[in-house]
Amino acid sequence: MHSSATRVVLTLVSIFSVTVFAMEGSVIMDYNTRLVRTKQCIIFACSEHDLYFNVLALMAANQFVQPVHMNSSYDLVSILTRENYARTSVIVDTTCEGAPKLLKEASANRYFNKTYQWLLWGVEANITDLLPIDLDYVGPNAQLTYVNKTSDAYLLWDVHSKGRHLKSPLELHLIAKLSTELHKLVVINEIFDLQSIKYRSQFNGLTLRGASVIDQEDILTNQQIEAILSRPTKDAGVAAFIKYHYELLSLLRDLFNFTVNFRNSRGWAGRLGNTTFRLGLLGIIKRNEADIAASGAFNRINRFAEFDTIHQSWKFETAFLFRFTPDLDTRGKSGNFLAPFSRQVWLFTVATLIGINSIWLLLDYLSKRWHSQAMQCIEERIFNIRIRRNLSAHQAITNSHSNWTERILHTFGAVCQQGMEPIPRDMPSRSIVLTVFLFSVVMYNYYTSSVVGGLLSSSDLGPATVDEITNSPLKVSFEDIGYYKVLFKESSNPTVTRLISKKLSASRGPNEMGVYGHIEDAIPYLKRGGFAFHCEVVDAYPIIAELFDANEICDLREVSGLMEVEIMNWIVHKNSQYTELFKTAMCKAREVGLVERLLRQRQMKKPECQSLYTVYPVTISGVSSAFLTLLSGVLIALFALCLEIASVKWQMRRPTRVHKGIAIQDQA
């Protein structure tokens with residue numbers, strides 16, 4: 001019920017409406033307060049009396065009202081802004097001369113959408129004259145109410161079309177009647193039901209404009225495109241997400257009963273020279289040359305202002321696929337005998353052993369010197385024999401030379417867990433021996449366990465990043481599809497630049513796969529090894545599961561990072577008249593499990609490894625350090641032999657000083 005102030009205003013309006021007013025105030029009041037229940041109303045009229053009395057009535061009903069005189073200058077864009085209420089009604093007196101211009105501007109700026117409730121006062125006009133065919137933005141998302149009059153009542157009609165740009169006719173459904181005498185509103189259909197997907201989901205076989213991306217020659221007709229996209233198997237030049245979005249489009253096609261006439265594009269994106277003119281699929285959609293696309297699009301910040309997203313579910317994931325072989329062990333853990341310790345640890349260990357040897361020799365030298373001096377004192381006091389003293393000095397020198405080599409061998413044997421013979425008897429030497437053995441136990445056990453663990457584990461073998469792929473001996477190829485060519489042409493990423501210069505610029509032999517190829521052609525190279533193929537992984541998994549044996553599947557490795565892993569957007573034109581309708585339908589399809597079912601069919605999981613473990617043979621690169629150590633020992637032994645031979649020859653030519661001293665003593 002209206003308040004007393006509202007009834008007074010309505011009474012005044014009804015009195016003057018017989019002669020002057022074009023719009024019935026009670027119709028506008030009931031439309032705003034009872035049907036659409038808005039909080040803000042914008043009135044376009046050319047009669048000051050209409051504006052005045054309707055504004056008073058709406059303000060009395062607690063409405064925020066903005067009157068606009070159509071004979072004066074105004075800017076529609078500055079009136080219909082984001083600052084309006086979420087529920088705003090727009091009243092237009094179509095009897096005014098400026099009404100066609102207003103409606104044309106509203107259609108061009110796409111204001112006939114879910115944001116505004118439009119009321120077209122067309123008592124003396126035909127709806128087809130008010131909304132001619134050139135007003136092409138009157139679609140299934142339009143919230144238009146048309147008012148006409150019979151002899152005893154005003155009739156309010158819901159008006160929409162499935163696409164005026166497709167020559168689809170206007171569809172009218174009666175909302176309510178308002179008697180001219182009693183001013184009683186009789187609601188026939190709830191307006192929000194008529195504007196929902198329930199009443200607007202039947203397209204009656206209307207043909208929408210479609211677009212897709214098939215990177216093949218001479219794909220021109222709709223029949224060719226439909227035949228390729230409807231095949232469940234992999235096709236050359238067709239990405240996996242293309243066929244997935246085609247199946248999603250088929251769900252919408254069955255739900256809304258429309259058909260699609262496709263046009264093909266060889267790529268997704270691009271620009272004409274240095275201009276802003278978009279090429280490819282995105283250009284087609286941005287220019288509103290297609291209503292829906294059988295393709296997804298990557299997330300880019302500059303695209304949110306140009307396209308609407310109606311669905312997100314496909315995870316785009318690409319990777320290098322290759323079969324692991326032992327020569328690809330870039331981390332050096334499969335049989336490399338130097339791998340358990342870093343270079344710093346090896347150097348520090350060698351320095352520690354040299355220090356221990358030096359300390360041991362120093363202790364031996366001090367001990368021998370002390371014992372020698374003590375023995376000399378005893379012999380001089382008791383025996384006083386010079387010859388024995390000279391012989392003892394000679395023996396001490398000989399023993400010191402033998403101890404120097406023995407101590408080095410003892411230390412090396414202790415580190416290698418080979419024991420020590422003879423065992424030193426003095427306490428300082430025994431302390432050093434105990435320390436060396438404890439040190440060798442800890443280091444030796446860690447060393448051997450690391451080597452064995454590296455031989456048995458295969459979870460982290462092979463290149464793990466794009467840079468390691470670039471530096472590896474692998475030959476690299478890519479699926480022959482458009483987004484790789486765009487990546488190599490436009491990307492300034494240093495990783496991509498290095499990959500191009502090292503892997504893609506060199507010439508290839510007749511028995512090698514080219515830079516671009518198809519998955520079926522890459523399978524023999526993958527099975528052979530030494531080859532990496534980059535593609536969308538869900539395309540490769542079915543073929544790999546069919547053609548690879550159990551061991552080859554266990555050897556399969558993936559390296560991602562060249563392209564981002566992201567959820568793709570299913571896009572339409574910005575402010576498309578189908579955005580809300582298709583978005584609602586896809587939400588329902590996800591809720592009932594249709595989207596999940598398609599994802600399980602299209603996104604096959606990676607084949608599982610059935611072997612318990614795989615032991616990879618040790619390669620020559622893994623044992624090269626052991627052979628180099630052996631070779632170094634042989635060379636050192638030969639060098640020592642040469643030194644000994646030279647020393648013996650020198651001693652044979654020149655008698656030793658000791659022998660000379662003995663001869664002199666004998667003569668004396």
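Quick look at the structure, then. Computed from a prediction, not measured in an experiment: that's the story for all the values here.

Cut-offs used in this document
Residues numbered from 1 in each chain as written. Predicted model: local features only at pLDDT ≥ 70, side-chain atom pairs only at ≥ 80, totals over all residues. Heavy atoms only, no water. Helix = DSSP H or I, 4+ residues; strand = E, 2+ residues; numbered from the N terminus. Buried < 20%, exposed > 50% of the residue type's maximum accessible area, 1.4 Å probe, protein only. Contact = heavy atoms within 4.5 Å. Areas by Shrake-Rupley, 256 points an atom, 1.4 Å probe, with all protein chains shown as cover. Salt bridge = Lys/Arg side-chain N within 4 Å of Asp/Glu carboxyl O. Phe/Tyr/Trp six-rings, centres within 6.5 Å; stacked < 30°, edge-to-face > 60°. Pairing = 2+ DSSP bridges. Axes fitted to C-alpha atoms, helices over the stretch in contact; angles between N-to-C directions. Disulfide = S-S within 2.5 Å. Parallel < 35°, antiparallel > 145°, perpendicular 65-115°, else oblique. Left-handed = near helix turned anticlockwise from the far one by under 90°. Polar contact = N/O pair within 3.5 Å; in protein donor to acceptor, adjacent residues only side chain to side chain.

The helix and strand tally for the chain stands at 24 helices and 18 strands. Looking at the chain residue by residue over its 668 residues, the buried ones come to 43%. Here the contacts in the chain between residues at least 6 apart in sequence split such that 75% fall between residues at least 24 apart. In the form shown here, the chain has an accessible surface area of approximately 36,000 Å², with 58% of it arising from carbon and sulfur atoms.

All right, on to the pattern of salt bridges then. Tallying each qualifying case throughout the model produces 25 salt bridges. The residue Arg 209 makes a salt bridge to Asp 291 at a minimum N-O spacing of 2.9 Å. Remark: Asp 291 occurs in the loop between helix 11 (280-286) and strand 11 (292-293) and Arg 209 occurs in strand 9 (residues 206-213); sequence separation between them is 82 residues. Classification of Asp 291 as buried rests on a relative accessible area of 4%. Each of Asp 215, Glu 217, Arg 266, Asp 480 and Lys 485 takes part in one network of salt bridges that share partners.

Trans is the common state for peptide bonds, and a negative phi is the common state for residues other than glycine. We note that Arg 37 has phi near 50°; this positive angle belongs to a residue other than glycine. Residue position: Arg 37 is located in the loop between helix 2 (25-35) and strand 1 (40-45). Of the residues examined, Arg 37 reaches a relative accessible area of 39% and is grouped as partly exposed. If you check the backbone angles, Asn 288 has positive phi at about 60° while not being a glycine. Assignment of secondary structure puts Asn 288 in the loop between helix 11 and strand 11.

Further remarks concern the packing of aromatic side chains. Aromatic rings in a pair are described by how distant their centres are and how their planes are angled relative to each other. Per the stated rule, a full pass over the model turns up 27 aromatic pairs. Seen in terms of ring centroids, Phe 112 and Trp 118 are 4.9 Å apart; in terms of plane orientation they differ by 80°. Their pairing is edge-to-face. On the basis of relative accessible area, Phe 112 is assigned to the buried category, the value being 0%. Where Tyr 578 meets Phe 582, the ring centres are 5.5 Å apart and the plane angle is 15°; that geometry is what we call stacked. For the pair shown, Tyr 578 and Phe 582 are each scored as buried. Ring pairs connect the aromatic residues Phe 241, Trp 268, Phe 298, Phe 316, Phe 320, Phe 478, Tyr 483, Tyr 484, Phe 488 and Tyr 516, which therefore count as one cluster.

Take the sheet that holds strand 3 (residues 88-93) next. One open sheet holds the eight strands; their spatial order is 2-1-3-4-5-6-7-8, and the pairing between them is mixed. At either end of the open sheet lies a strand with only one pairing partner, and these are strand 2 (64-69) and strand 8 (185-187). Neighbour-to-neighbour, the strand axes of the sheet open up by a mean angle of 25°, direction not taken into account. Of the strand pairs in this sheet, strand 3 and strand 4 (residues 116-121) are connected by six bridges, and their pairing is parallel. Paired with Val 90 across the strands is Trp 118, a residue of strand 4. This element, helix 3 (residues 48-60), spans strand 1, strand 2 and strand 3 of the sheet and lies at about 175° to strand 2.

Using the criterion set out here, one finds two disulfides in the structure. With a sulfur-sulfur separation of 2.1 Å, Cys 46 is cross-linked through a disulfide to Cys 96. Given an S-S torsion of about -85°, the disulfide between Cys 46 and Cys 96 has left-handed geometry. Of this pair, Cys 46 sits in the loop between strand 1 and helix 3 while Cys 96 sits in the loop between strand 3 and helix 5 (99-108), placing them 50 residues apart in sequence. In this structure Cys 96 comes out as buried when scored by relative accessible area, which is 4%. Taking only the cysteines that form disulfides and numbering them from first to last, the chain has the pattern 1-2, 3-4.

What follows deals with helix 18 (residues 519-528). Among the residues of helix 18, those classed as buried are Ile 519, Ala 522, Ile 523, Tyr 525 and Leu 526. Buried-residue contacts for helix 18 involve strand 13 (318-323), strand 14 (475-479), strand 15 (516-517), strand 16 (531-536) and helix 19 (537-547).

This part takes up the environment of Tyr 483. Position of Tyr 483 relative to the elements: it lies in helix 16 (residues 482-490). Overall, Tyr 483 belongs to the buried group, its relative accessible area being 6%. Put simply, Tyr 483 and Trp 268 are 215 residues apart on the chain and 7.6 Å apart in space, counted from C-alpha to C-alpha. The residues touching Tyr 483, leaving out its near neighbours within four places in the chain, are Ala 239, Phe 241, Trp 268, Phe 316, Glu 536 and Met 563.

Packing of helix 10 (residues 240-256) against helix 22 (residues 594-602) leaves a shortest axis separation of 11 Å and a crossing angle of 150°. Classified by the angle between their axes, helix 10 and helix 22 sit roughly antiparallel to one another. Between helix 10 and helix 22 lies a crossing whose hand is right-handed. Each of Lys 243, Tyr 244, Glu 247, Leu 248 and Leu 251 in helix 10 lies in contact with helix 22, whose residues at this interface are Leu 594, Val 595, Leu 598, Leu 599, Gln 601 and Arg 602.

A few words on the side chain of Asn 264. Among the secondary structure elements, Asn 264 is positioned in strand 10 (residues 258-265). At 2.9 Å, the side chain of Asn 264 and the backbone nitrogen of Ile 214 are in polar contact.

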